[in-house]
Amino acid sequence: MSPFVSKRAAGFTLVELLVVLAILGLLAGLVGPQVMKFLGSSKTKTAKLQIEDLVATLDLYRLETGRYPSAQEGLEALVAKPGNVANWNGPYLKKGVVPKDPWGFEYQYKFPGEHGGVDLWTLGADNREGGEGENADVKSWD
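All values reported here derive from a predicted model rather than from experimental measurement.

Conventions and cut-offs
Residues numbered from 1 in each chain as written. Predicted model: local features only at pLDDT ≥ 70, side-chain atom pairs only at ≥ 80, totals over all residues. Heavy atoms only, no water. Helix = DSSP H or I, 4+ residues; strand = E, 2+ residues; numbered from the N terminus. Rg over C-alpha atoms; globule rule 2.2 N^0.38 Å. Buried < 20%, exposed > 50% of the residue type's maximum accessible area, 1.4 Å probe, protein only. Contact = heavy atoms within 4.5 Å. Areas by Shrake-Rupley, 256 points an atom, 1.4 Å probe, with all protein chains shown as cover. Salt bridge = Lys/Arg side-chain N within 4 Å of Asp/Glu carboxyl O. Pairing = 2+ DSSP bridges.

A.B. asks: Any chance you could break down the overall build of the protein chain for me, citing the residues and the numbers?
C.D. replies: Counting secondary structure elements, the protein chain contains two helices and three strands. Compactness check: the protein chain gives a C-alpha radius of gyration of 26 Å against a globular reference of 14 Å for 142 residues, more than 25% above the reference. On the principal axes, the C-alpha backbone points of the protein chain span a range of 90 × 30 × 20 Å. Within the span of the protein chain, comprising 142 residues, buried residues form 25% of the whole. Nonlocal contacts in the protein chain, meaning residues at least 24 apart in sequence, comprise 39% of its contacts between residues at least 6 apart. Working note: accessible area of the protein chain is about 9,800 Å², and carbon and sulfur atoms make up 60% of it.

Next comes the structure, spelled out in structure tokens:
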């Protein structure tokens, strides 16, 4: 066997490379949307968990101070003592900052709430009311 023949036999043909690229393209086309759908739903689930955690923290705040933070004080009352609040034992959040929702927006807070003691929600990826999928609002009362 000559050296020329062994080098040629060791490589891939153009047809083989094109077949592999076509298979990879098909896999990316089928799997990619499913992965993106999973990532979107995970942000929504993260928002639900953060809202549940913040509502539990607000309940602890109310137990210690006798009231929820006012609308003006907002969620910042969980990390910085507002004016003349007695029995404030904060900060109530570990990192000392109010977290943003998974899309980087501020959580919406309303006291008194229309659906409970307080209402806490995020407007989703589009930061607008309503929407579906990742753009749907995530609320403490749902």
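A.B. asks: Quick one: what's the story with the environment of Pro99, residue by residue and with numbers?
C.D. replies: Along the chain, Pro99 turns up in the loop between helix 2 (14–65) and strand 1 (108–110). Sequence separation between Pro99 and Leu26 is 73 residues, and the spatial gap between their C-alpha atoms is 39 Å.

A.B. asks: Go over unusual backbone geometry with me, naming the residues and quoting the values.
C.D. replies: Note: most residues except glycine have negative phi, and most peptide bonds are trans. For the bond from Gly90 to Pro91, the omega torsion is 5 degrees, close enough to zero to count as cis. By the secondary structure assignment, Pro91 is in the loop between helix 2 and strand 1. In this structure, Pro112 follows Phe111 across a cis peptide bond, with omega equal to -5 degrees. Along the chain, the position of Pro112 falls in the loop between strand 1 and strand 2 (119–122). Phi is positive for Asn87, close to 65 degrees, though the residue is something other than glycine. For Asn127, which is not glycine, the phi dihedral falls at a positive 55 degrees. Checked against the element boundaries, Asn127 lands in the loop between strand 2 and strand 3 (138–139).

A.B. asks: Which residues make up the pattern of salt bridges, and what values do they have?
C.D. replies: Scanning the model with the defined rule gives three salt bridges in all. Of the charged contacts, one joins Lys100 and Glu106 as a salt bridge, the two residues approaching to 3.0 Å between their closest N and O atoms. For Lys100, a relative accessible area of 43% gives the class partly exposed. A residue is classified by how much of its surface remains accessible, and Glu106, at 45% relative accessible area, is partly exposed. As a salt-bridge pair, Glu114 and Lys110 come within 2.3 Å of each other at their nearest N and O atoms. Residue class for Lys110 comes out partly exposed when judged on its relative accessible area of 30%.

A.B. asks: A description of the sheet that holds strand 2 should follow, citing residues and the corresponding values.
C.D. replies: Spatially, the three strands line up as an open sheet ordered 1-2-3, and their pairing is antiparallel. Of all strands in the sheet, those bounded by a partner on one side alone are strand 1 and strand 3. Where strand 2 and strand 3 come together, two bridges link them in antiparallel fashion. Within strand 3, the position partnered with Trp121 by the bridge is Lys139.

A.B. asks: Break down the side chain of Thr44 for me, citing the residues and quoting the values.
C.D. replies: Its place among the elements puts Thr44 in helix 2. Owing to a relative accessible area of 16%, Thr44 belongs among the buried residues under this scheme.

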